[in-house]
Every structure is written in C-alpha cells, then in structure tokens.
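# A structural walkthrough
Take a look at the letters that make up each chain.
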Amino acid sequence: MTSRRTFIINGSLAAAAVLAMPSFAFNMNRKEIGLQLYTLRHELPKDVKTTLEKVASAGFTTVETYGFSIKDQFWGLSPMELKKILDANKLKAVSGHYGVGSFLADGNTTELEAAIIAAKILKSEYLTIPWVDPPFRQNIEDYKKIAGRLNEAAKMCHKAGLKLAYHNHDFEFENYNGTTGYEILLKETNKDLVFFELDLYWVVRSGKDPLQLFKENPGRFKMWHVKDMDKLNPGLNTEIGAGSIDFKPIFKEAKLSGVKHFFVEQENNFAVDSFKSIKTSCDFISNHLI
C-alpha cells in the first residue's frame, strides 16, 4: 500500500506473531480497502453525495473513479466538486479509469489532456486506461501500436506528476500464433513508466494464473481489481469470498506482484443490493485477506 508498518519486535514471541501475519500486512499500517465506483454506476448518477457516504460507511478508504467526460465531467460534478465530497467522507481517489480511445486510435491528445487535469485535481496517483475498442486490437501489430501509445501517454502523465496504468479484460490474453496481446504490452512498454492494474477476475476467466503472471513479471502489477466469480455462472460476479476464486494465495504474493492499491469491483449479481454487497466484500477482505 502507500505506507509501511514499523514493527518493534521484543523477543521471540513478538517475532513469531509477525511471521504469522499475512504478507500484505508488511505493506500497511492501516487496512486500506478500495472500491471501483463502477460497481455503483446505477446509484452514483442519482445522488453522488449519499452514495459516497455509504461507500465510506461500508469501510472503504480509497476509490477508483470512472465515467469522466469532457462534457459531463463526473456525473454532472466538476472534479473539484467531487473532490470536496470525497474529502468530506475521508475517501481518496487513488486512481481513475479514463476513456482515452481517441488517443489510442490516432494520437489525439484532447481526451488525455482533460483526463490528466481531472486526475490532478482529484490528487490521484494513477490515471488508468480501462479499455481498448475492438477495431484497434485485432492482431499483434495492433498491440504493438497500443504499447507505443501507452509509452507516449505515460510520458505525458509523468510530466504532470501522475503514473499511467493499464487495466485488462480477457481479450488481451487471446493467443496470436503463440503470443498474447498482454505479453506484448508487458514487453514493449517502459516498465518504469507504464504500470498494470491486474483485474484478477478477468485473468482467471481467461484461463490464466495470476501467480504465474507475478512470477514472470515481478513488480509490474501496482494495482488489482478484486472481483469474485460466481460458482455456478462464471460470467457473473459475486461478493468477495462467496465465489470460486481463492484470493488467499494471491494476497500472500502481494510483494511479488508489486501491488500498492486494490479495488473491489462487482459489476452484477448482487446478493441483495449493491450497497450490502460492497459491505460484505469489504468485511471479508478485512477479516480474511489483510
């Protein structure tokens, strides 16, 4: 996470207690649990203030934004107005998903420049690219072009005091004559400037192993999406701990991943309603994973 816990060890008993703790504990002096606000996409446009109050009361301390546009900003709120609501609820927008499809497609910087300004106002650490439109990811050459664009965007972000991250779905893991798009992105981006937000659900859904990715690319995955898979229908999400993904071994390898922040996300299939679901997920993570 963003800070280190200092342990004062007096005697073997205290040392044993530290060794028994999850590896994630060594990166934290408080339990920082984030939420990707896309989870609440049906509630936020109706009432941003009340929705974010409920996010904080559920136990979350960080969020990842989504949905910014030059025209509508954040659900009709300017970045500064949103920042005030976040501050009032002691929430920090560590990262944001910003659609910059035009930049990836043809290098037009208008959307990217607006996203950088918004992220700076929110005092975010990461500007995250969440998606690549299908026409621009048809083959390996396309992914090489995307990697080049990511390097360019990362330089712009770095100059502005931000970090660039890339969020995956499952399409990046499609095989093209022995190589995947994700392998190209990892290989051909500047590892000092381009970081990766690993969506654990989509990795598992694609048939890949997050732990193997950590071993092959140590330190590259600075953020995670923690999203569980329904046991009966893998196309659906469910509350963390209620699904088929075993997160414990993943969290144990947090140091190898390089993860600094993670965000709960649930896109559908809420047990009762979205607010109760995020509370259930937050409690499970707090009690069983960190």
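Just above, that's the structure.
Residues numbered from 1 in each chain as written. Predicted model: local features only at pLDDT ≥ 70, side-chain atom pairs only at ≥ 80, totals over all residues. Heavy atoms only, no water.

### Description of the overall build of the protein
We apply this condition: Working definition: helices are DSSP H or I runs of at least four residues, strands are E runs of at least two. Numbering for both runs from the N terminus. The classification of residues rests on relative accessible area computed with a 1.4 Å probe and restricted to protein chains. Under 20% of the type maximum is buried, over 50% is exposed, and intermediate values are partly exposed. All accessible-area figures derive from a Shrake-Rupley calculation using a 1.4 Å probe, and residue coverage is judged against the displayed protein chains alone.
From N to C terminus, the protein includes twelve helices and twelve strands. Out of the 290 residues belonging to the protein, those deemed buried represent 50%. Carbon and sulfur atoms provide 52% of the accessible area of the protein, an area that totals close to 13400 Å².

### Notes on the nonpolar core
Just so we agree on the cut-off: As used here, the term nonpolar core means buried Ala, Val, Leu, Ile, Met, Phe, Trp, Tyr and Cys residues forming a set that is joined through side-chain atoms within 4.5 Å. Contact criterion: two residues are considered in contact whenever any of their non-hydrogen atoms come within 4.5 Å of each other.
In terms of nonpolar packing, the biggest core is built from 81 residues, with L52, V55 and W224 touching the most fellow members. Among the elements that line this core, the one with the most residues is helix α6 (residues 140-159), at eight residues. When neighbours within four sequence positions are excluded, V55 is seen to be in contact with L35, L37, L40, F60, V63, L91 and I278. Of all hydrophobic cores here, the second largest spans six residues; its members include V94, Y126, A165 and M223.

### Examining the pairing of strand β8 (residues 194-199)
Put simply, the rule reads: Following DSSP output, two strands are said to pair if at least two bridges run between them.
Counting buried residues in β8 gives six out of six residues, a clear majority hidden from the surface. Both strand β5 (residues 163-167) and β8 contribute to a ladder of four bridges, which runs parallel. Within the sheet, the bridge partner assigned to Y166 lies in β8 and is F196. One ladder, built from four bridges, connects β8 with strand β9 (residues 221-226); its direction is parallel. What sits directly across from E197, in β9, is M223.

### Thoughts on the side chain of D230
To be explicit about the condition: His is not counted, nor are the chain ends, whereas Lys and Arg count as positive and Asp and Glu as negative. By definition, a salt bridge exists where a carboxyl oxygen of Asp or Glu is found within 4 Å of a side-chain nitrogen of Lys or Arg. Throughout this description, a polar contact denotes any pair of N or O atoms lying within 3.5 Å of each other; where both atoms belong to protein, one of them has to be capable of donating a hydrogen while the other can accept it, and for residues adjacent in sequence the pair is counted only when both atoms sit in side chains.
As for its position among the elements, D230 is in the loop between β10 (228-229) and β11 (237-238). One buried charge, D230, has no salt-bridge partner; the nearest side chain with opposite charge is K231, at 9.0 Å. Among the polar contacts made by the side chain of D230, one reaches the main-chain amide nitrogen of L232 at a distance of 3.0 Å.

### A short note on the packing of aromatic side chains
Heads up, the rule is: Any Phe, Tyr or Trp ring, taking Trp's six-membered ring, that has another such ring centre within 6.5 Å forms a pair; planes under 30 degrees apart are called stacked, those over 60 apart edge-to-face, and the others tilted. To sit over a ring, a charge needs its Lys NZ or Arg CZ within 6 Å of the ring centre and within 35 degrees of the ring normal.
One pass over the structure, following the stated rule, counts 18 aromatic pairs. Ring centres of Y38 and Y66 lie 5.4 Å apart, and the angle between their planes is 85°; on these two criteria the pair is classed as edge-to-face. With Y38 in the loop between β1 (34-36) and α2 (48-57) and Y66 in the loop between β2 (62-65) and α3 (79-88), this residue pair connects regions lying 28 residues apart in the sequence. A relative accessible area of 12% places Y66 in the buried class. With centroids separated by 6.3 Å and ring planes inclined at 65°, the aromatic side chains of Y166 and F196 adopt a geometry described as edge-to-face. Placement of the pair is Y166 in strand β5 and F196 in strand β8, with a sequence separation of 30 residues. Both residues of the pair, Y166 and F196, belong to the buried class. Ring pairing ties together the aromatic residues Y166, F173, Y182, F196, F214, F221, W224, F251 and F262, which thus form one cluster. Note that K54 overlies the ring of F275, its terminal NZ or CZ placed 4.4 Å from the centroid.

### Quick word on the packing of helix α5 (residues 110-121) against α6
Quick note on the threshold: As a rule, the C-alpha atoms of each element are fitted with a line to give its axis, helices using only the stretch in contact, and angles between N-to-C directions run from 0 to 180 degrees. Note: crossing handedness is left-handed where the near helix turns anticlockwise from the far helix by less than a right angle, and right-handed where it turns clockwise.
Orientation of α5 relative to α6, taken along the N-to-C sense of each, is 35°, at an axis distance of 11 Å. In this structure, α5 crosses over α6, and the sense of that crossing is right-handed. Along its contact with α5, which presents L112, E113 and I116, the element α6 presents A153, M156 and C157.

### Let's talk about the pairing of strand β4 (residues 126-129)
Each regular strand shows side chains that alternate between the opposite faces of the sheet. Put simply, the rule is: A clockwise path from the first strand over the helix to the second, with the strands pointing away from the viewer, defines a right-handed crossover.
Here β4 shows two buried faces, one formed by Y126 and T128 and the other by L127 and I129. Alignment of strand β3 (residues 92-97) against β4, held across three bridges, turns out to be parallel. Note on β4: the bridge partner recorded for S95 is Y126. Where the polypeptide runs from β4 across α6 and back to β5, its parallel neighbour, the crossover connection is right-handed.

### Some points on the sheet that holds β4
Read around the barrel, eight strands follow the order β1-β2-β3-β4-β5-β8-β9-β12 and close on themselves; strand pairing throughout is parallel. Recorded for the sheet is a direction-independent mean angle of 30° between the axes of neighbouring strands. Here α6 sits on the sheet and contacts β4, β5 and β8; the angle it forms with β5, its principal contact strand, is near 145°.

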